[in-house]
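Letter by letter, the chains look like this.
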Amino acid sequence: MRHHIILAVAATAMALASCSEDKFRIEGTITEAEDSVLYFEHVGIDGLERLDSARLGADGGFSFSAERPAAPEFYRLRIAGQAINIAIDSTETVTIRAAYPSMATGYEVEGSGECAKIKQLAQMQIDLQRRAMALDRNTALTAEEARDSLQRMLAAHKQRVTHDFIFKDPKAASSYFALFQAIGDYLIFNPQGNDSDIKVFAAVATAWDTFYPGSLRGENLHNIAIEGMRNERIIKADAAGQLDPSKVVTAGLIDIQLPDNKGRTRSLTELKGKVVLLDFHLFAMENSPQRILSLRELYNKYHAQGLEIYQVSVDADEHFWKQQTAHLPWISVRDAAGTGSRQLAIYNVTQLPEFFLIDRENNLVSRSVQIADLDEAIQALL
């Protein structure tokens, strides 16, 4: 089971200042943590952004404030590896009371119904993971029995989450949060080939399109849902011999901004006007040299006509990556998060290598599974 998750989403510029009518406040106490540093972080689609921090005193009191987001956004309070997830969708004041080191699950929250729901979802996910680990350790079960038991547990969990949370209020921040929960690296709701899960994503995406038009989180959900539905149709139609996958297109693009091998931040959207092959790669893979050679052939053949390659590496070793990319002619960027990269989650990359084609208008046209002949697909866009 392999999925790289995340709460997938948009980076909103946060101005730290005292309360005003356009700000929200998070305050409270975290006891038994004297002299510990409490971090206030924005959980964005491009990664974590540290907004503020405070060294806790004997009483554990803290208070943070930031500008109200235009659409629901996600934040967290963190001490070392313990974190409390928070959703904000108004100018509310959220009060948190907890004790370290059990703050991640033992906290109390007031002032936000959505934060209370997120706490409940987090506790349900932790319980599910605990039971899954117990299954894995149960030597009395065969592998097939353990797998069947896990599938039943997952189905029951998903039914409860869908019925009690998501379908009750799909526009809610807690519904968005529920979509991206995971057991280890396994995304509980999988929009990559599960028809029921695609419908759940689509329900939330539709609600966010309606209530938060233009929000990057909403656009992200929309793209995931549309891509999932189209991939599902491709699989079904291909089995019936009814559809050419190369004819299917997916609109929209979520930007990527990462440093290249020369230290310059490169944006995917800056390449508007070119046909772009967006490639997710791991240079440590055994077949990497052969793949790089095939990409060189494409680049040499079509670069003068307007093709660019934007290659995202998730190699853990930065020095190794720089060595491997030193003489490559295309744009080579790296996500330091490695295979836990949020970019992989945003683009629903579940295996490496993976690639996408983007047209001259910055529209995501297709991914590998939809491309029968890459050479022809590139020519058609040039």
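What counts and what doesn't
Residues numbered from 1 in each chain as written. Predicted model: local features only at pLDDT ≥ 70, side-chain atom pairs only at ≥ 80, totals over all residues. Heavy atoms only, no water. Salt bridge = Lys/Arg side-chain N within 4 Å of Asp/Glu carboxyl O. Helix = DSSP H or I, 4+ residues; strand = E, 2+ residues; numbered from the N terminus. Buried < 20%, exposed > 50% of the residue type's maximum accessible area, 1.4 Å probe, protein only. Pairing = 2+ DSSP bridges. Axes fitted to C-alpha atoms, helices over the stretch in contact; angles between N-to-C directions. pLDDT = per-residue confidence, 0-100. Contact = heavy atoms within 4.5 Å. Phe/Tyr/Trp six-rings, centres within 6.5 Å; stacked < 30°, edge-to-face > 60°. Expected span 1.5 Å × (residues − 1).

Q: Looking at this structure, how should I read the pattern of salt bridges?
A: Per the counting criterion, the structure on display carries 17 salt bridges. A salt bridge links Arg-78 to Glu-41; the nearest nitrogen and oxygen atoms lie 2.9 Å apart. Separated by 37 residues along the polypeptide, Arg-78 in strand β5 (residues 73-79) and Glu-41 in strand β2 (residues 37-44) bring together distant segments of the chain. Glu-41 matches Arg-78 in its accessibility class, with the two residues each being buried. In this structure, the salt-bridge partner of Glu-73 is Arg-217, at a minimum N-O distance of 2.8 Å. Here the residue Glu-73 occupies a position in strand β5, and Arg-217 occupies one in helix α6 (residues 216-240), the gap between them amounting to 144 residues. Each member of the pair, Glu-73 as well as Arg-217, carries the same accessibility label: buried. Counted as one network, the salt bridges with shared partners bring together Asp-260, Arg-264, Arg-266 and Glu-270.

Q: I tried to follow the sheet that holds strand β3 (residues 47-55) on my own but got confused; where do I start?
A: Through backbone hydrogen bonds, the strands of a sheet pair up, either in parallel or in antiparallel fashion. The strand order β3-β2-β5-β6 describes an open sheet built from 4 strands, whose pairing is antiparallel. Of all strands in the sheet, those bounded by a partner on one side alone are β3 and β6 (82-88). Ignoring which end each strand starts from, the neighbouring axes of this sheet average 25 degrees apart.

Q: What exactly am I supposed to notice about the confidence of the model for the chain here?
A: Close inspection of predicted coordinates is inappropriate for parts of the model with low pLDDT. Per-residue pLDDT for the chain averages 84, and the proportion of residues at 70 or more is 87%. Long-range and interchain partners of residues 1-20, a stretch whose pLDDT sits below 50, account for 75 contacts in this model, where long-range means more than four residues apart. pLDDT under 50 marks residues 237-251. Its contacts with residues more than four places away, or in other chains, come to 28 contacts.

Q: Can you help me understand unusual backbone geometry in this one?
A: Peptide bonds are, in most cases, trans, and in most cases residues other than glycine have a negative phi. Of note, the bond from Tyr-100 into Pro-101 is cis; its omega dihedral lies within 30 degrees of zero at 10 degrees. Relative to the helices and strands, Pro-101 is located in the loop between β7 (93-99) and α1 (103-106). Residue Pro-353 is bonded to the preceding Leu-352 through a cis peptide linkage, with omega at 0 degrees. In this structure, Pro-353 sits in the loop between α9 (342-346) and β16 (354-358).

Q: Please explain the packing of aromatic side chains as it appears in this structure.
A: Two aromatic rings are characterised by how far apart their centres lie and by the angle between their planes. Applying the stated rule across the entire model yields 13 aromatic pairs. Ring plane angle 50 degrees and centroid distance 5.1 Å describe the contact between Phe-24 and Tyr-75, whose orientation is recorded as tilted. Highlighted residues: Phe-24 in strand β1 (residues 23-31) and Tyr-75 in strand β5, separated in sequence by 51 residues. Exposure remark for Phe-24: the relative accessible area of 0% places this residue in the buried category. Seen in terms of ring centroids, Phe-280 and Phe-356 are 6.0 Å apart; in terms of plane orientation they differ by 80 degrees. Their pairing is edge-to-face. Remark: Phe-356 occurs in strand β16 and Phe-280 occurs in strand β13 (residues 275-281); sequence separation between them is 76 residues.

Q: Any chance you could explain helix α3 (residues 143-166) here in plain terms?
A: Every α-helical turn comprises 3.6 residues, leaving residues that sit three or four positions apart pointing alike. With 24 residues, α3 extends 32 Å from end C-alpha to end C-alpha; this agrees with the ideal 34 Å at 1.5 Å per step. Among all positions of α3, only Ala-146, Ser-149, Leu-150, Met-153, Leu-154, His-157, Lys-158, Val-161, Thr-162, Phe-165 and Ile-166 are buried. Buried residues belonging to α3 abut α2 (113-137), α4 (173-179), β9 (182-183), β10 (186-187) and α5 (195-211).

Q: Explain the sheet that holds β13 here, please?
A: Here 5 strands make up an open sheet; going across it, the order is β15-β14-β13-β16-β17 and the pairing mixed. Taken across any chain shown, the strands that pair with only one partner, and hence form the sheet edges, are β15 (331-334) and β17 (364-367). Averaged over all adjacent pairs, the angle separating strand axes in this sheet is 20 degrees, with direction ignored. Two elements, strand β14 (residues 307-313) and β15, share 4 bridges in a ladder whose sense is parallel. Across the sheet, residue Ser-313 finds its bridge partner in β15, namely Arg-334. Those strands touched by helix α8 (residues 318-325) are β14 and β15, and its axis lies near 175 degrees from that of β15. Contacting β13, β14, β16 and β17, helix α10 (residues 374-381) runs over the sheet at an angle of about 25 degrees to β16.

Q: Could you clarify how one ought to interpret the pairing of β5 in this entry?
A: Moving residue by residue along a regular strand, the side chains alternate between the two faces of the sheet. Judged by how many residues are buried, β5 sits mostly within the fold: 7 of 7 residues are covered. Going residue by residue along β5, you find Glu-73, Tyr-75, Leu-77 and Ile-79 tucked away on one face and Phe-74, Arg-76 and Arg-78 tucked away on the opposite face as well. Two strands pair when backbone bridges link them, and β2 and β5 are joined in this way by 4 bridges, in the antiparallel orientation. If you follow Glu-41 over to β5, its bridge partner there is Arg-76. Pairing of β5 with β6 involves 7 bridges; the strand directions are antiparallel. When the bridges of β6 are listed, Ile-79 appears paired with Gln-82. Joining the antiparallel neighbours β5 and β6 is a turn of 2 residues, in which Ala-80 adopts a positive phi near 50 degrees.

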